[in-house]
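Spelled out from the first residue to the last, the chains are:
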Amino acid sequence: MSGIDLTAVTKVYPGGVKALDDLNLSIADGEFFALLGPSGCGKTTLLRTIAGLEDATKGTLSIGERDVTRKPPGSREVAMVFQDYALFPHMSVADNIAYPLKIKGRPKAERYAKVDEVSGQLGLAKLLDRKPGALSGGQQQRVALARAVACHPQVFLFDEPLSNLDARLRLEARTFLKKLQRELGVTTVFVTHDQAEALALADRIAVMDAGQIRQLGTPREVFSRPADTFVANFIGSTPMNLLPGTVTDGELVIGDDRLALPEPVAPQVGEGDKVVVGVRPEYLELTVGEGPGLTGEVSILENLGTSTLVTVACGELNVGATVPEEDEPTPGQRVHLKPVPGRLLVYRDGDGTLIN
Ligand code: ATP
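Just so it is clear, the model here is predicted, and its values are computed rather than measured. (Residues numbered from 1 in each chain as written. Predicted model: local features only at pLDDT ≥ 70, side-chain atom pairs only at ≥ 80, totals over all residues.)

## Focus: the overall build of the protein
Within the protein, the regular secondary structure consists of eight helices and 20 strands. Dimensions of the protein, computed from C-alpha atoms along their principal axes, come out at roughly 75 × 45 × 35 Å. Across the 356 residues in the protein, those meeting the buried criterion constitute 38%. Pairs at least 24 apart in sequence give 65% of the contacts found in the protein among residues at least 6 apart. (Helix = DSSP H or I, 4+ residues; strand = E, 2+ residues; numbered from the N terminus. Buried ≥ 20, exposed ≤ 12 C-beta atoms within 10 Å, placed from the backbone. Contact = placed C-beta atoms within 7 Å.)

In structure tokens, the structure reads:
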């Protein structure tokens, strides 16, 4: 068992920056868990605290039900892969992979048997004699992974391990990483600021902001029902439309248009309440001509490959809707946009939390 439990963990750096703020989190044994959030939200601090590279100022941390709050990194059985891979430039690939086992005092024969095993798994068998400087970014990344795998850790900690790779290699490495994690079944915590990466890889995601967790859920939950407007803004390759509205006569008035109030929301709002209406561009059906829903004029078309993101000027508001390539309208055309049933979200105007 190698789940991770954090209870009321706070980290204050010397100088007073509170990087983690009373954080509670349970990561299950074998789970692939992503920490996602903007720069400075505390992702790396959380990872380093799990690794033991930072001490929690307050709170407790356990790995596999063992309290490791005050235990040194070496006794935690975690392996961390850094953004820059942290390979030793003067050592061969084989020696880099074997290094942590050497530190643990494993005999040479065992070390190199392990190197052979993991280099086979990670497609590095032909590169064992090279130095890191003679490898591509993708190969270096695999060496760093191999070094982590060779230690048989209870937990993998990844700090943006794909961020130095170009877009294509990054996609390949992502699939590879997911497959490897599934095969090994090792509890994995993965830091990224790339929401698409988190959605693609993780069993669950924690979206962080200012040292706290804004939302914890499966990729589907976080994508379909962001808990607040911060998360809604952060998740999705095309941003969610967040439109100011008012509850009037049991409907949502947005600019000059009206939309039906989702049924579960109706009892929780009153006449005249200000709200923020959230709907993803993928969940707005665009039809040319006048009709029900949000109405406006096509202003910008952006090619997304197989689909097009259409920006529609609805009075003062710009609303995005994605349409299949073949249904692309032309700029200047009048159109109306109808939300897909069940896909309209309503947030409170003040704190931006979702009204369920
Ligand atoms: P990024 O995505 O940019 O790496 P992050 O979400 O990983 O950001 P952290 O690196 O955990 O964020 O930093 C959280 C906060 O703590 C930031 O305000 C940062 O400036 C501060 N911080 C990080 N390391 C230290 C340190 N050693 N001393 C003082 N403050 C620090």
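## Here's the deal with the site of the ligand
Around the ligand, the structure places 13 residues, and the nearest of them are Tyr13, Ala19, Ser39, Thr44 and Thr45. Here the element with the most residues in the shell around the ligand is helix H1 (residues 43–51); it accounts for three residues. (Near = placed C-beta within 6 Å.)

## Describing the UniProt feature "domain: ABC transporter" (unreviewed entry) in the protein
Per the UniProt record, "domain: ABC transporter" (unreviewed entry) is annotated on residues 4–235. In the segment residues 4–235, helix accounts for 37% and strand for 25%; the C-alpha atoms at its two ends are 25 Å apart. (UniProt positions renumbered as here; feature names shortened; annotations may be inferred.)

## Overview of the sheet that holds strand E11 (residues 241–248)
With antiparallel pairing, the five strands of this open sheet are ordered in space as E13-E12-E11-E14-E20. Each having just a single partner strand, strand E13 (257–260) and strand E20 (345–348) make up the two edges of the open sheet. Each adjacent strand pair in this sheet contributes to an overall mean axis angle of 40°, direction not counted. Sheet topology note: the strand E12 (residues 251–254)/E13 ladder contains four bridges and is antiparallel. Counted as the bridge partner of Ile254 is Asp257 from E13. (Pairing = 2+ DSSP bridges. Axes fitted to C-alpha atoms, helices over the stretch in contact; angles between N-to-C directions.)

## Regarding unusual backbone geometry
Despite not being glycine, Glu77 shows a phi value in the positive range, around 55°. In this structure, Glu77 sits in the loop between strand E5 (66–67) and strand E6 (78–81).

## Concerning the domain arrangement of the protein
Where interface size is given, it is often the accessible area lost as the parts come together that is meant. Domain assignment breaks the protein into domain 1 (4–234) and domain 2 (241–348). Spacing between the C-alpha centres of domain 1 and domain 2 amounts to 39 Å. Domain 1 puts five residues into the contact, and the matching count from domain 2 is five residues. Class assignment for the residues of the side of domain 1 that touches domain 2 results in one nonpolar, two polar and two charged. (Domains from an automatic or database assignment. Nonpolar A, V, L, I, M, F, W, Y, C, P; charged D, E, K, R; others polar.)

## A look at the sheet that holds strand E19 (residues 334–339)
Taking strand neighbours across the sheet as the criterion, the five strands line up as E15-E19-E16-E17-E18 in an open arrangement whose pairing is antiparallel. The strands lining the two open edges of the sheet, one partner per strand, are strand E15 (284–288) and strand E18 (317–324). Here the strands of the sheet are splayed against their neighbours by 45° on average, with no regard to which way each runs. Two strands pair when backbone bridges link them, and strand E16 (residues 294–303) and E19 are joined in this way by four bridges, in the antiparallel orientation. By the bridge assignment, Glu297 is partnered in E19 with Arg334.

## Thoughts on helix H4 (residues 137–150)
Compared with the 20 Å implied by 1.5 Å per residue over 14 residues, the 20 Å span of H4 between its first and last C-alpha is a close match. In terms of burial, H4 is largely enclosed, as 11 of its 14 residues are buried. Residues of H4 that are buried: Gln140, Gln141, Arg142, Val143, Ala144, Leu145, Ala146, Arg147, Ala148, Val149 and Ala150. Close packing links the buried residues of H4 with E6, helix H2 (93–103), helix H3 (108–121), strand E7 (155–159) and helix H5 (167–184). Taken from the residues just after H4, His152 is the one with a positive phi, measuring 50°. (Expected span 1.5 Å × (residues − 1).)

## Brief notes about the environment of Ala150
Mapped onto the fold, Ala150 is located in helix H4. With 24 C-beta atoms counted inside 10 Å, the residue Ala150 sits in the buried group. Each C-alpha atom, one on Ala150 and one on Leu101, is 7.7 Å from the other, the two residues being 49 residues apart in sequence. Once you skip the residues sitting within four places of it in the chain, Ala150 turns out to touch Ile97, Pro100, Leu101, Lys114, Val115 and Val118.

## Describing the confidence of the model for the protein
Across the protein, the average pLDDT comes to 92, with 100% of residues at or above 70. Here the prediction assigns the complex a pTM of 0.89, and the interface score ipTM is 0.96. (pLDDT = per-residue confidence, 0-100.)

## A few points about the nonpolar core
Counting 92 residues, the largest nonpolar core has Ala34, Leu35, Ile97, Ala146, Leu157, Val189 and Phe190 as the members making the most contacts within it. Among the elements that make up this core, the one with the highest residue count is H4 (seven residues). Mapped onto the domain boundaries, this core takes at least three residues apiece from domain 1 (4–234) and domain 2 (241–348). (Core = buried A, V, L, I, M, F, W, Y, C linked by C-beta atoms within 7 Å.)

## Considerations on H5
An ideal rise of 1.5 Å per residue puts 26 Å on 18 residues; H5 measures up with 26 Å between its terminal C-alpha atoms. Residue Gly185 follows H5 closely and has a positive phi angle near 65°.

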